[in-house]
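Residues per chain are reported as follows:
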Amino acid sequence: MSVFAALAASVLLSGCFVSETPKFPAANAVAAFGDGGRFQGYDRTESDGYKKADEAIIMVKRRGDGGYDFVDEKDKVTPISFHLIAGGNFVGQALNNAKSGYGYLVFRIAGNEAFIYAPDCDKQDKAQLEKLGVAIGQFECRIDRVADPAAFFASLTLGEPSSKLVRE
């Protein structure tokens, strides 16, 4: 799954976590990508390596509100903010411009690399999700009723990163 496909998957595909309104306040956003920059996207391969993703140069631009714009080679802009969670990871809260709402990914920053995880709702403990207020649907899991989103995302089974960004 490419970097932007991972962002889209957080909003459009089954097994993802979404909400109608932002679960993390903009005022609490952190500078996970510093001042931004130019990044090359890489997709994870079946052999647990990475290969350059097609058309995956991403410009990360810091906004005045603490968030970022991820801009792809076709000038498609994905607004996203980052929020620190336990374990040193960050939740990326991305606005879905195609339909109202937000999608979520988990990022782990290691030097010049950002590993992107798209936690799959189907691979989590369903009883625990429901206990935390997650509404499990056919194509997505809605987290609008989750009281503590930072603790919620920190508790998920992430699996392997689907892609990564490398600063150029």
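Values in this document were obtained by computation on a predicted structure and should not be read as measured data.

## Some remarks on the confidence of the model for the protein chain
- Of the residues in the protein chain, 89% reach a pLDDT of 70 or more, and the chain-wide mean stands at 87.
- Contacts of residues 8-14 to residues separated by more than four positions or lying in other chains number 22 contacts, the stretch itself having pLDDT below 50.

## So, the pattern of salt bridges
- Considering all chains together, one arrives at 8 salt bridges under this definition.
- A salt bridge links Lys 164 to Glu 113; the shortest N-O distance between them is 2.8 Å. Taken together, the positions of Lys 164 in strand E11 (residues 163-167) and Glu 113 in strand E8 (residues 113-117) put the pair 51 residues apart, joining distant regions of the chain.
- Judged by relative accessible area, which is 25%, Glu 113 ranks as partly exposed.
- A salt bridge links Glu 140 to Arg 142, with the nearest nitrogen and oxygen atoms 2.8 Å apart.
- Three or more residues are tied together by salt bridges with common partners; here these are Glu 20, Glu 140, Arg 142 and Asp 144.

## Digging into the state of the cysteines
- Tallied over the full model, the rule gives 1 disulfide.
- The partner cysteine of Cys 121 in its disulfide is Cys 141, sulfur to sulfur 1.6 Å. Note on the Cys 121 and Cys 141 pair: the S-S dihedral is about -70°, so by sign convention the disulfide is left-handed. Here Cys 121, found in the loop between E8 and helix H2 (126-131), pairs with Cys 141, found in strand E10 (residues 140-142); they are 20 residues apart in sequence, far enough to count as distant.
- Cysteine Cys 16 is unpaired, with the sulfur of Cys 141 as its nearest cysteine sulfur at 7.8 Å.

## Quick look at the packing of aromatic side chains
- Under the definition given, this model contains 15 aromatic pairs.
- Between Phe 24 and Phe 153 the ring centres are 6.2 Å apart and the planes differ by 40°, which places this aromatic pair in the tilted class. With Phe 24 in the loop between strand E1 (16-19) and strand E2 (36-44) and Phe 153 in helix H3 (residues 149-155), this residue pair connects regions lying 129 residues apart in the sequence.
- Judged by relative accessible area, which is 2%, Phe 153 ranks as buried.
- On the numbers, 5.6 Å between centres and 85° between planes, the contact of Phe 33 with Phe 70 is edge-to-face.

## Observations concerning the pairing of strand E6 (residues 90-95)
- Counted residue by residue, E6 has 5 buried out of 6 residues, so it is predominantly covered.
- Where strand E5 (residues 77-84) and E6 come together, 5 bridges link them in antiparallel fashion. Each bridged residue has a counterpart across the sheet, and for Leu 84 the counterpart in E6 is Phe 90.
- The hairpin turn running from E5 into E6, its antiparallel successor, is 5 residues long, and Gly 87 in that turn takes a positive phi close to 90°.
- Examined bridge by bridge, E6 and strand E7 (residues 102-110) share 6 bridges and lie antiparallel to one another. Among the inter-strand pairings, Val 91 is bridged to a residue of E7, identified as Val 106.

## Some details on unusual backbone geometry
- The backbone phi angle of Asp 75 is positive, close to 65°, even though this residue is not glycine.
- According to the relative accessible area criterion, Asp 75 is exposed, its value standing at 60%.

The rules behind each value
Residues numbered from 1 in each chain as written. Predicted model: local features only at pLDDT ≥ 70, side-chain atom pairs only at ≥ 80, totals over all residues. Heavy atoms only, no water. pLDDT = per-residue confidence, 0-100. Contact = heavy atoms within 4.5 Å. Salt bridge = Lys/Arg side-chain N within 4 Å of Asp/Glu carboxyl O. Helix = DSSP H or I, 4+ residues; strand = E, 2+ residues; numbered from the N terminus. Buried < 20%, exposed > 50% of the residue type's maximum accessible area, 1.4 Å probe, protein only. Disulfide = S-S within 2.5 Å. Phe/Tyr/Trp six-rings, centres within 6.5 Å; stacked < 30°, edge-to-face > 60°. Pairing = 2+ DSSP bridges.

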